[in-house]
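Survey of secondary and tertiary structure
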Amino acid sequence: MGLKDEESSEEPKGQGTLSRKNSHSSLCPTDDDEEDEDKKLELGPMIALKEQLEKDKDDESLRRWKEQLLGSVDMEEVGETPDPVVKIMNLTIRSPDREDMVLTVPENGKPTSKGPWFTLKEGSKYTLVFTFRVTNNIVSGLRYSNTVWKTGIKVYSRKEMLGTFSPQAEPYNHVMFEESTPSGMLVRGSYSVKSKFVDDDNKCYLENNYTFDIRKNWL
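Residues numbered from 1 in each chain as written. Predicted model: local features only at pLDDT ≥ 70, side-chain atom pairs only at ≥ 80, totals over all residues. Heavy atoms only, no water.

Named according to an unreviewed UniProt entry, the protein is Rho GDP-dissociation inhibitor 1-like originating from Thlaspi arvense. Comment text from UniProt for the protein, heading Subcellular location (unreviewed entry), reads "Cytoplasm". Taken verbatim from the UniProt record of the protein, the Sequence similarities (unreviewed entry) comment is "Belongs to the Rho GDI family." (UniProt positions renumbered as here; feature names shortened; annotations may be inferred.)

Here's what the structure looks like:
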């Protein structure tokens, strides 16, 4: 969403350009999924994590090396199959201007509300926090992409690498960079969003489609 106050933008006032504070190289279009497919690395076959951990288990130095490489793995959350399971549970919106908004992410990625999923106040700062669980196997290179439209025109897009995560019972919380909404009459209104969570194999764990509003005040 990455909304920026129009007065600090180089664009003319009233354009409502959306951008991200503290922008990194993760800023890039998300409509180029086809290009991602072309650039996909040819990786070796995935192996069940339990099988990997049991290989050479009598070799103490190799076992310690694997533990260092894989990090803390909860064996209760490890399955017999090679595919990792990632479940995006909640989206929390934090702002110094109001209490945290905790939104449950539906498994099909489509909030049931007929109206906007949430509302942001113009000129406000906020941070997104994603809560998710990883089970069965390690997920490598989990990344988040986000594209925003207003009245059918794409106004913002970005990608961000979340990282590599081991299976564990406790959910992970990933805090995104702080962002801000622009101000002005022209930026108020409804926005539609398409976001995705994919890994290094371009496996999509969630495609989330929703709308949100920018208004003069928090609701």
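Our next topic: the nonpolar core. In terms of nonpolar packing, the biggest core is built from 34 residues, with L91, I93, F118, L142 and F212 touching the most fellow members. In this structure L91 touches M101, V102, L103, V105, W117, F118, L128, V129 and F130, once residues within four positions along its chain are discounted. (Core = buried A, V, L, I, M, F, W, Y, C linked by side-chain atoms within 4.5 Å. Buried < 20%, exposed > 50% of the residue type's maximum accessible area, 1.4 Å probe, protein only. Contact = heavy atoms within 4.5 Å.)

Its identity as a non-glycine residue notwithstanding, N136 has a phi of 80°, on the positive side. Its place among the elements puts N136 in the loop between β4 (125-135) and β5 (139-150). In this model, N202 sits at a positive phi of 60°, which is unusual for a non-glycine residue. As for its position among the elements, N202 is in the loop between β9 (189-198) and β10 (204-215). A relative accessible area of 18% places N202 in the buried class. (Helix = DSSP H or I, 4+ residues; strand = E, 2+ residues; numbered from the N terminus.)

In the sheet, strand β3 (residues 118-121) pairs with β10 via four bridges, with the strands oriented parallel. Following the sheet pairing, L120 is matched in β10 by I214. Connecting β9 to the antiparallel partner β10 that follows it, the hairpin turn spans five residues, and N202 within it adopts a positive phi of roughly 60°. (Pairing = 2+ DSSP bridges.)

Scanning the entire structure with this criterion turns up seven salt bridges. R188 is the salt-bridge partner of E122, the closest N and O atoms lying 2.9 Å from each other. Of the two residues, E122 is situated in the loop between β3 and β4 and R188 in the loop between β8 (179-180) and β9; the sequence distance between them amounts to 66 residues. The partner of R158 in a salt bridge is E179, with the nearest N and O atoms 2.9 Å apart. With R158 in strand β6 (residues 153-165) and E179 in strand β8, the pair connects residues that are 21 residues apart, well separated along the chain. Each member of the pair, R158 together with E179, is buried. (Salt bridge = Lys/Arg side-chain N within 4 Å of Asp/Glu carboxyl O.)

This next bit is on the side chain of T92. With respect to the helices, strands and loops of the structure, T92 is situated in strand β1 (residues 85-95). For T92, the residues in contact, after removing those within four places along its chain, are D100, M101, V102, T127, L128 and V129.

Looking now at the packing of aromatic side chains. Applying the stated criterion across every chain yields a total of 11 aromatic pairs. Pairing W117 with F118 gives two aromatic rings, centres 6.1 Å apart and planes at 45°, and the pair type is tilted. In this structure, K150 is placed above the aromatic ring of Y191, and the distance from its NZ or CZ to the ring centre is 5.6 Å. (Phe/Tyr/Trp six-rings, centres within 6.5 Å; stacked < 30°, edge-to-face > 60°. Lys NZ or Arg CZ within 6 Å of the ring centre and 35° of its normal.)

Turning next to the sheet that holds β10. Strands in a sheet are paired, the pairing made by backbone hydrogen bonds, and the direction either parallel or antiparallel. Reading across from one edge, β3-β10-β9-β5-β6 is the order of the five strands in this open sheet, with mixed pairing throughout. Only two strands of the sheet have a single partner each, and these edge strands are β3 and β6. Strand-to-strand twist of the sheet, defined as the mean angle between neighbouring strand axes without regard to direction, takes the value 25°. As judged from the 10 bridges shared by β9 and β10, these two strands associate in the antiparallel manner. In the sheet register, V193 faces β10, and the bridge partner there is Y210. (Axes fitted to C-alpha atoms, helices over the stretch in contact; angles between N-to-C directions.)

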